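So you can see what is in the structure, the chains are spelled out below.
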Amino acid sequence: MKIVVCIKQVPERDARLRIASDGKSVDTAGVATEINESDQYALEAGLRVAEKVGGEVVALLLGPDAAEEAIRRALAMGAARAIHLNDAGFQGGDASSAAKALAAAVRQESPDLVLTGLQSDDAGWSQTGVILAQLLGWPSATLIMEIEQPEDGRIKVKRELEAGWFQWITLPLPAVLTIQSGIYPVRYATLKGIMGAKKKEMKKMGPADVGVDGGQVGAAGRKVELKRLYVPEKTAEAEILEGDAATAAASLVDRLQKEAKVL
Amino acid sequence: MSVCRPFFTGHLDLEALFPFPSMSPEESETLEILRDSLERFGKERVDSRRIDAEARLPREVLDGLAELGVFGIIVPAEYDGAGASMMFYAKAFETLARIDGSIVVTVGAHESIGLKGILQFGTEEQKRRFLPPLARGEQLAAFALTEPTSGSDAASIRTRATWSEERGAWILDGTKIWITNGGIAEVFTVFAQTAVEREGKTVDRITAFIVPRSLEGVSSGPEEHKLGIRGSSTTEVHFEGVVVPPDLVLGEVGGGFKVAMEVLNSGRLGLAAGCVGGMKQLLAEATSYALERRQFGRPIAEFELIQKKLAGMALEIYGAESIVYLTTGLVDRGAADYSLESAICKVKASEGVWRVVNEALQIAGGMGYMQEYPYERYLRDARINLIFEGTNEILRLYTALSGLEAPGEQLKAVARALRDPIKQLGLLTGYARGRARRAIHRPDLPDLDPAVAEIARPLPVWVAEFAGAVEWALRRHGGEIVERQIALERLAEAAGDLFLMAAVVSRAEEGRRAEPGPGGEAHVTRARLIVNEAWRRVRRQLGRLREYPDNDLRVVAAEVLASSGAYLPGRRPAE
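Along every chain, residues carry numbers that run from 1 in the direction the sequence is written. Whichever chain is written first is A, and whichever ligand is written first is 1; the rest continue in order. Only residues with pLDDT of 70 or above have their local features reported here, since the model is predicted, and side-chain atom pairs are shown and tallied only from 80 upward, although totals for entire chains, interfaces and linings are computed over all residues. By convention in this description, side-chain values take in all heavy atoms of the structure and omit both hydrogens and water.

Undergrad: Sorry if this is basic, but what is going on with the overall build of chain B here?
TA: Note on conventions: DSSP H or I runs of at least 4 residues are helices, E runs of at least 2 residues are strands, and numbering of each starts at the N terminus. Assigned secondary structure in chain B consists of 21 helices and 10 strands. Radius of gyration: over C-alpha atoms. The globule rule applied is 2.2 Å multiplied by the number of residues raised to the 0.38 power. Relative to its length of 575 residues, chain B is compact, with a C-alpha radius of gyration of 24 Å against a globular reference of 25 Å. Along the three orthogonal principal directions, the C-alpha set of chain B runs to about 70 × 65 × 60 Å. The buried share of chain B, reckoned over its 575 residues, is 56%. Contacts are assigned to residue pairs with any non-hydrogen atoms lying within 4.5 Å of each other. Contacts spanning at least 24 positions in sequence make up 74% of the contacts within chain B whose residues lie at least 6 apart. Exposure was quantified through the Shrake-Rupley algorithm and a 1.4 Å probe, taking into account, for residues, occlusion by the shown protein chains and nothing else. Summed over all atoms, the accessible surface of chain B reaches about 25200 Å², with 51% contributed by carbon and sulfur. Here Asp and Glu are counted as negative and Lys and Arg as positive; His is not counted, and neither are the chain ends. In plain terms, the charge of a residue is placed at NZ if it is Lys, CZ if Arg, CG if Asp and CD if Glu. Charged side chains of chain B number 70 positive and 80 negative; the gap between the two group centres comes to 6 Å. With a 1.4 Å probe rolled over the protein chains alone, any residue whose accessible area is under 20% of its type maximum counts as buried; one over 50% counts as exposed, and the rest are partly exposed.

Undergrad: How should I be thinking about the overall build of chain A in this particular structure?
TA: The number of helices and strands found in chain A is 8 helices and 13 strands. Each of the three principal axes of chain A carries a C-alpha extent, and together these read 70 × 45 × 40 Å. For chain A, the proportion of its 263 residues judged to be buried stands at 41%. Expressed as a percentage of contacts within chain A between residues at least 6 apart in sequence, the contacts between residues at least 24 apart total 70%. Accessible surface, chain A: about 13900 Å² in total, of which carbon and sulfur atoms supply 51%. Looking at charge distribution, chain A has the averaged site of its 32 positive side-chain charges lying 4 Å from that of its 36 negative ones.

Undergrad: In this structure, what is going on with a nonpolar patch on the surface? I would like to understand it.
TA: Residues and elements named next belong to chain A. Patch definition: residues with relative accessible area over 30% and no salt bridge; like charges joined within 9 Å; nonpolar side chains (Val, Leu, Ile, Met, Phe, Trp, Tyr) joined within 5 Å. We count a salt bridge whenever a side-chain nitrogen from Lys or Arg sits within 4 Å of a carboxyl oxygen from Asp or Glu. Where nonpolar side chains cluster on the molecular surface, the patch consists of Leu 17, Ile 19, Val 26, Leu 226, Leu 229, Tyr 230 and Val 231 and spans about 590 Å² of accessible area. When you line up the elements, Leu 17 lands in the loop between strand 2 (9-11) and strand 3 (18-19). Overall, Leu 17 belongs to the partly exposed group, its relative accessible area being 48%.

Undergrad: Would you explain the sheet that holds strand 11 (residues 166-172) of chain A in this entry?
TA: Two strands in a sheet stick together by hydrogen bonds in their backbones, pointing the same way (parallel) or opposite ways (antiparallel). Residue and element names in this part refer to chain A. When DSSP finds two or more bridges between two strands, those strands count as paired. On the basis of which strands lie adjacent, the open sheet formed by 9 strands has the order 11-10-9-12-8-1-6-7-13 and mixed pairing. In the strand order of this sheet, the two ends are held by strand 11 and strand 13 (202-205), each with one partner. Averaged over all adjacent pairs, the angle separating strand axes in this sheet is 35°, with direction ignored. Across 5 bridges, strand 6 (residues 56-62) lies against strand 7 (residues 81-85) in parallel orientation. Its bridge partner lying in strand 7, Val 58 is registered against Arg 81. Contacting strand 1 (2-7), strand 6, strand 7 and strand 13, helix 2 (residues 68-77) runs over the sheet at an angle of about 160° to strand 7. Fitted lines through C-alpha atoms give the axes, limited to the stretch in contact for helices. The angle between two N-to-C directions lies from 0 to 180 degrees.

Undergrad: I tried to follow helix 10 (residues 304-332) of chain B on my own but got confused; where do I start?
TA: Every α-helix winds through 3.6 residues per turn, so residues three or four apart in the chain are directed the same way. What a helix should span is 1.5 Å times the count of its residues minus one. The terminal C-alpha atoms of helix 10 of chain B lie 41 Å apart, and with 29 residues this matches the ideal 42 Å at 1.5 Å per residue to within 8%. Just downstream of helix 10 of chain B, B:Gly334 is the residue with a positive phi angle, here 85°.

Undergrad: Looking at this structure, I do not really get the nonpolar core. What am I missing?
TA: Counting residues in each nonpolar core, the largest one holds 216 residues, and the members touching the most others are A:Leu115, A:Ile147, A:Leu177, B:Phe7 and B:Phe466. If one sorts the elements of this core by residue count, helix 9 (residues 256-292) of chain B sits on top with 16 residues. Excluding anything up to four places from it in sequence, B:Phe466 contacts B:Phe7, B:Phe8, B:Leu491, B:Ala494, B:Ala495, B:Leu498 and B:Leu542. Definition used in this section: a nonpolar core is a set of buried Ala, Val, Leu, Ile, Met, Phe, Trp, Tyr and Cys residues joined via side-chain atoms within 4.5 Å. One finds A:Leu60, A:Ile83, A:Ala105 and A:Val217 within the second-largest nonpolar core, a separate group that totals 24 residues.

Undergrad: What am I meant to see in the packing of helix 2 (residues 25-45) of chain B against helix 5 (residues 86-99) of chain B here?
TA: When two helices pack together, their arrangement is given by the angle between the helix axes and by the axis-to-axis distance. Residues and elements named next belong to chain B. Across the interface, helix 2 lies against helix 5 with an axial gap of 10 Å and an inter-helix angle of 15°. Overall, the two elements helix 2 and helix 5 adopt an arrangement that is roughly parallel. Seen from above, helix 2 lies across helix 5 with right-handed handedness. Contact residues: Glu 27, Thr 30, Leu 31, Leu 34, Arg 35, Leu 38, Glu 39 and Gly 42 in helix 2; Phe 88, Lys 91, Ala 92, Thr 95, Leu 96 and Ile 99 in helix 5. Taken together, the residues of the contact of helix 2 with helix 5 sort by class into 7 nonpolar, 3 polar and 4 charged. Oblique is the label for any angle not under 35 degrees, not over 145, and not in the 65 to 115 range, which are roughly parallel, roughly antiparallel and roughly perpendicular in turn. Left-handed describes a crossing whose near helix is turned anticlockwise from the far helix by less than a right angle; the clockwise case is right-handed. For this scheme, ten residues count as nonpolar: Ala, Val, Leu, Ile, Met, Phe, Trp, Tyr, Cys and Pro. Four count as charged, namely Asp, Glu, Lys and Arg, and the remainder, Gly too, count as polar.

Undergrad: Sorry if this is basic, but what is going on with the interface of chain B and chain A here?
TA: Often, the extent of an interface is quoted as the loss of accessible area upon association of its parts. Between chain B and chain A, the contact holds 20 residues from the first and 13 residues from the second. Defined in terms of a 1.4 Å probe, buried area is the accessible area two parts forfeit on being brought together, summed over both. A combined buried area of about 1600 Å² lies between chain B and chain A, and 57% of that area is made up of carbon and sulfur atoms. For chain B, the biggest contributors to the area lost against chain A are B:Glu29, B:Ile33 and B:Arg40; these three give 34% of the whole. Linking chain B with chain A are 2 salt bridges, by the criterion used here. The partner of A:Arg72 in a salt bridge is B:Glu29, and the shortest N-O contact between them spans 3.2 Å. Every element with two or more residues in the side of chain B that touches chain A is listed here: helix 2 and helix 4 (59-68) of chain B. Among the elements that make up the side of chain B that touches chain A, the one with the highest residue count is helix 2 of chain B (12 residues). Residues belonging to the side of chain B that touches chain A are distributed by class as follows: 7 nonpolar, 4 polar and 9 charged.

Undergrad: Honestly, the domain arrangement of chain B in this entry has me stumped. Any pointers?
TA: Residues and elements named next belong to chain B. What the domain assignment reports for chain B is domain 1 (25-140), domain 2 (143-256), domain 3 (259-393) and domain 4 (408-560). For each domain, the first and last residues come from an automatic or database assignment. Just the C-alpha atoms count here: the centres of domain 1 and domain 2 sit 24 Å apart. Facing the 25 residues of domain 1 at the interface are 19 residues of domain 2. Both sides together, the interface formed by domain 1 and domain 2 hides about 1800 Å², and carbon and sulfur atoms give 62% of it. A per-residue breakdown of the area domain 1 buries against domain 2 is headed by Gln 126, Phe 130 and Leu 140, which together make up 26% of the total. Among the salt bridges present, the one from Arg 230 reaches Asp 52, with a minimum N-O distance of 3.9 Å. Polar contacts, as counted here, are pairs of nitrogen or oxygen atoms within 3.5 Å of one another; within protein the pair requires one atom able to donate a hydrogen and one able to accept it, and residues that are adjacent in sequence qualify only if both atoms are side-chain atoms. Taken together, domain 1 and domain 2 are joined by 10 residue pairs in polar contact (both at pLDDT 80 or more). Secondary structure elements with two or more residues in the side of domain 1 that touches domain 2: helix 3 (48-54), helix 6 (101-114), helix 7 (116-121) and helix 8 (124-135). In terms of residue count, helix 6 provides more of the side of domain 1 that touches domain 2 than any other element does, 8 residues in total.

Undergrad: It is not clear to me how the pattern of salt bridges should be interpreted in this structure. Could you clarify?
TA: All names here are of chain B. Under the defined criterion, the tally for this structure stands at 47 salt bridges over all chains. Ionic pairing is found between Arg 537 and Asp 497, a salt bridge with its closest N-O pair at 2.8 Å. Taken together, the residues span a long stretch of sequence, with Arg 537 in helix 20 (residues 518-547) and Asp 497 in helix 19 (residues 485-514) at a distance of 40 residues. Look at Arg 537 and you get partly exposed, because its relative accessible area is 35%. In this structure, Glu 510 and Arg 513 form a salt bridge, with 2.8 Å as the shortest nitrogen-oxygen distance. Linking Glu 510 with Arg 513, this pair stays in helix 19, spanning 3 residues, or about one helical turn.

Undergrad: Any chance you could explain helix 20 of chain B here in plain terms?
TA: Residues and elements named next belong to chain B. In a regular helix each residue adds 1.5 Å, so 30 residues correspond to 44 Å; helix 20 covers 44 Å between its end C-alpha atoms and thus fits that length. The complete set of buried residues in helix 20 reads Gly 520, His 523, Val 524, Ala 527, Ile 530, Val 531, Ala 534, Trp 535, Val 538, Gln 541, Leu 542 and Leu 545. Of the surrounding elements, those touching the buried residues of helix 20 are helix 10, helix 17 (450-456), helix 18 (458-477) and helix 19.

Undergrad: Help me out: how do you make sense of the confidence of the model for chain A in this one?
TA: Each residue gets a pLDDT score, which is the predictor's confidence in that residue and runs from 0 to 100. Taken as a whole, chain A shows an average pLDDT of 93; of its residues, 100% reach a score of 70 or greater. Element-level mean pLDDT values for chain A span from 86 in strand 4 (residues 26-27) of chain A up to 98 in strand 7 of chain A.

Undergrad: Looking at this structure, how should I read the environment of B:Cys275?
TA: Examined against the element boundaries, B:Cys275 turns out to sit in helix 9. Note: C-alpha distance between B:Cys275 and B:Lys346 (71 residues apart in sequence) is 8.5 Å.

Right, here's the structure in full:
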């Protein structure tokens, strides 16, 4: 069974971020990076399926040269090889143009299963995985909590719904699944694994290599344009609820229900 | 190639000093990923408070560390290790130290000293047989030298191996104490007296043996109760009539002292790296505490006295890192002798972490003293570093005496005594005085970045002064110098500070070159602060050496001893 896992390199969780001078992007100079959290779980899920039924996991990443470190991490954790969509033509896109590039690479690989994290920790569109499935014309399911061993060309998965509800569904393969964070303990990259990863194949590919029109991907192919990136302004606002404890409590509940809508 | 030894004759070995070493990009990337794994492992799987309270490392933690590969970092790939450089090992060791004191000591006893003898002195067959399971962490190793009557005086061990013609094997008898990993190790590097022929006479010389626990007659005692690093295993190890086949002799018969010393040389470097890691963890925690804790309406981090402490900790780290990395670089470049450097690294880093843990606890104030906070555990864990793998006192004497060999050689009368100082202790008198004083020139520095050159100016000045003081001390004391421990300590301190100065100058030069702008500037600031303090300490030590106020100290000590521990003559102890 061949499984492609799409991963993205993002700034480390507690990194201190600065907005770049263009006002539209994050200044990544000197910022430590990691594999996007839910992508780590997607990778772990993929490795588990491959270990159970046999086969290989191929890591697929779209990003600049600096993203090679994320690929090494994926290889160190156990991916058999990697495809790095690394070309100026892929840069500056949105979720749909990224999905077009990924779909082209996936078509070339023709895997049985594609896994992605459910969303990226930086842009957070939660779109790439589902657009990818749409472009491939494959069934997809989101918010995956558990994957059963595939059988007879079908795969049974557990989805997370609202308010503590879950859903088990079965999809025909090939399929695209977007994986929820925290579902398994993610394995550690061991020293052996890290050193072994240096010998694994890492194929760098541009738009022409995956057979996609340059106008469809990267900045040229985007449908969403980011206008401005800014840090929320801090404002201090406080409201004192008057009256005795019972009155104040009643007023608080009322406001939480009607204004804040958290109850 | 040596940084410290040339100081004693007034030289700077520029080849050893420049450029400041670094890891290959490939190793850096490997380390980066491994570090993340180790940090995550520490957060997810290691409960240091519980390890300390229960005084044991859970099996799952040891298995996890084995899986991660930390037990074979330094072992070549052909024996199932990672074959990493010494610098990589030191940096990985730092990360382990940040996770837990008991863990780093366990790994160090295994890899820095336990299996190191096999790695450095083992035959091909011994390496093939023992290293793979040790590198994989399936078995742990331990280093067994210390005995009830033999601590610092390692040459006086009583454990004995007697050759039995009848069995064609060595029969090993004796007891070792305070053996780290004693209760969990499967393979011991054991040192024992053996009878050898020297110039027609039969004499005792130490031989090293590889002793698997599986041999009949090997046993370990109950766990010792310790102040800190309580999760590490420390026990007696007993050898009762253990039949050791001749193919388990490590190195040459009679050559065991050399094995022990070489192993400890590299062990001390690992230990120093562990201290550096500990300091980094402490600075990180003290900083976040200082930012959160509010008094007088603001975070205490805003007060100068707290800032001074944090800056002081940062300088301790920068200095200790610089000497440790410079020394690991020497090892990786194949330097034959780095014993002075590693001894100084061990002394400076262990005393550095002790000061840093003290300051971190002080910043946390009363909270720091409470068991809810980790500082008291850090303090207990850090204390051992000043004691084991050679007490800091012994290492200072070693640094001075070993350093004095070269200048002593030129003054033949003391040369023999210096080569075997312990044996000759007290036997030496007199020495040709009044020889023409050798002219000691200030050594030259290479062309440096202007800002670094400015900082570096005191270095050649004080190297020359130091060599002058060394010669003066040799003339003044002659062979008696081996008994003048206070003077030796001053020389060792001065040599250590010269090493520190040289290392931070080299590193600042590299920092300036690699990172133009604020990054390089930060190196220069740290180097300046460190050098400014260090050369003044050197001046003070060398001044004291000649004034010799130490005689008065000896008078006071004699009075204390004569009155069984009273602080004034004529008083009773504790009065």
